[in-house]
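Observations on the three-dimensional arrangement
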Amino acid sequence: MNDKTDFEADRKHMVENQLLSRDIRDPLVLEAMRKVPRHRFVLPEYHHLAYSDGPLPIGRGQTISQPYIVALMSQLLELKGDETVLEIGTGSGYQAAVLGFLARDVYTIERHEELARQASRLMEDLGLGNVHIHIGDGSKGLPQYAPYKGIIVTAAAPNVPQALLDQLDEGGKLVIPVGSRGGQFLERWLRKGDDFQCENVIPVAFVPLVGKYGWEE
Ligand code: SAM
């Protein structure tokens with residue numbers, strides 16, 4: 001990875017004080033969080049806050065999620081390294097980069113072209129060739145690369161889109177915030193044949209998923 005600035009100590013501190021101190025235990029997730037340079041995914045004026053315990057603005061009224069939420073959503077997928085996964089809501093590309101260390105291939109889709117292009121440039125710069133960025137309405141998923149062992153939705157949906165459940169592989173997991181525009185519950189869905197089991201994880205607050213199976217603009 002081509003990271004010339006030294007934020008390694010900040011990342012180590014972030015992992016110890018924000019992740020290990022809570023419930024992040026998956027060693028692969030902890031390692032990925034130690035590696036991905038979050039400061040590269042935030043606007044220059046927020047560099048000094050890149051490893052703080054919260055979300056930050058990334059432009060277009062969108063945010064990069066809190067490091068703990070990125071780690072938690074990644075951990076909930078229980079990846080081993082050989083999977084194909086999908087993320088809806090590329091935003092800055094940070095979550096996708098973390099997944100890039102945890103899976104074989106990561107497809108990620110963003111509705112704002114400008115954010116997608118910026119994230120693509122960053123992936124190239126960081127040498128993350130297994131992260132594939134698409135532009136469009138991710139509430140419909142990305143059926144051309146399905147099935148996925150894991151799907152992460154990083155924007156809030158009013159209901160779980162059936163299109164996303166349909167794109168899960170056998171034993172695959174979908175992690176998605178579901179609720180109102182003001183607050184949601186993080187849900188984890190597990191596919192067993194034609195059966196889908198849902199588990200509530202924690203209350204969260206995400207920006208809305210805007211699209212066919214999300215909210216209207
Ligand atoms: N994962 C991102 C990161 O690591 O920076 C954070 C994403 S931000 C909380 C949510 C993103 O979802 C925004 O960039 C927003 O534009 C995007 N989004 C909302 N609805 C979408 C849709 N239907 N399809 C694709 N992207 C969408």
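Residues numbered from 1 in each chain as written. Predicted model: local features only at pLDDT ≥ 70, side-chain atom pairs only at ≥ 80, totals over all residues. Heavy atoms only, no water.

**Quick notes on the overall build of the protein chain**
Helix and strand counts for the protein chain come out as 6 helices and 9 strands. Relative to the globule expectation of 17 Å for 217 residues, the C-alpha radius of gyration of the protein chain, 16 Å, shows essentially globular dimensions. Here the C-alpha coordinates of the protein chain stretch approximately 50 × 35 × 35 Å along the principal axes. Counting only residues that meet the buried cut, the protein chain has 52% of its 217 residues in that class. Here the analysis covers contacts within the protein chain between residues at least 6 apart in sequence; of these, 55% occur between residues at least 24 apart. (Helix = DSSP H or I, 4+ residues; strand = E, 2+ residues; numbered from the N terminus. Rg over C-alpha atoms; globule rule 2.2 N^0.38 Å. Buried < 20%, exposed > 50% of the residue type's maximum accessible area, 1.4 Å probe, protein only. Contact = heavy atoms within 4.5 Å.)

**As for the packing of aromatic side chains**
A full pass over the atoms with the stated rule returns 3 aromatic pairs. Between the aromatic rings of Phe 41 and Tyr 94, the centroid separation amounts to 5.6 Å while the plane-to-plane angle is 65 degrees, which identifies the pairing as edge-to-face. Taken together, the positions of Phe 41 in the loop between helix 2 (27-35) and strand 1 (56-59) and Tyr 94 in helix 4 (residues 94-100) put the pair 53 residues apart, joining distant regions of the chain. No difference in accessibility class separates Phe 41 from Tyr 94, as the two residues are buried. Where Tyr 107 meets Tyr 145, the ring centres are 4.0 Å apart and the plane angle is 10 degrees; that geometry is what we call stacked. Here Tyr 107, found in strand 4 (residues 105-110), pairs with Tyr 145, found in the loop between strand 5 (131-135) and strand 6 (148-153); they are 38 residues apart in sequence, far enough to count as distant. (Phe/Tyr/Trp six-rings, centres within 6.5 Å; stacked < 30°, edge-to-face > 60°.)

**Some details on the environment of Met 123**
Within the secondary structure, Met 123 sits in helix 5 (residues 113-126). A residue is classified by how much of its surface remains accessible, and Met 123, at 3% relative accessible area, is buried. Separated by 26 residues in the primary sequence, Met 123 and Ala 97 place their C-alpha atoms 7.4 Å from one another. With sequence-adjacent residues up to four places away left out, Met 123 is seen in contact with Phe 41, Gly 93, Ala 96, Ala 97, Leu 128, Val 131 and Ile 133.

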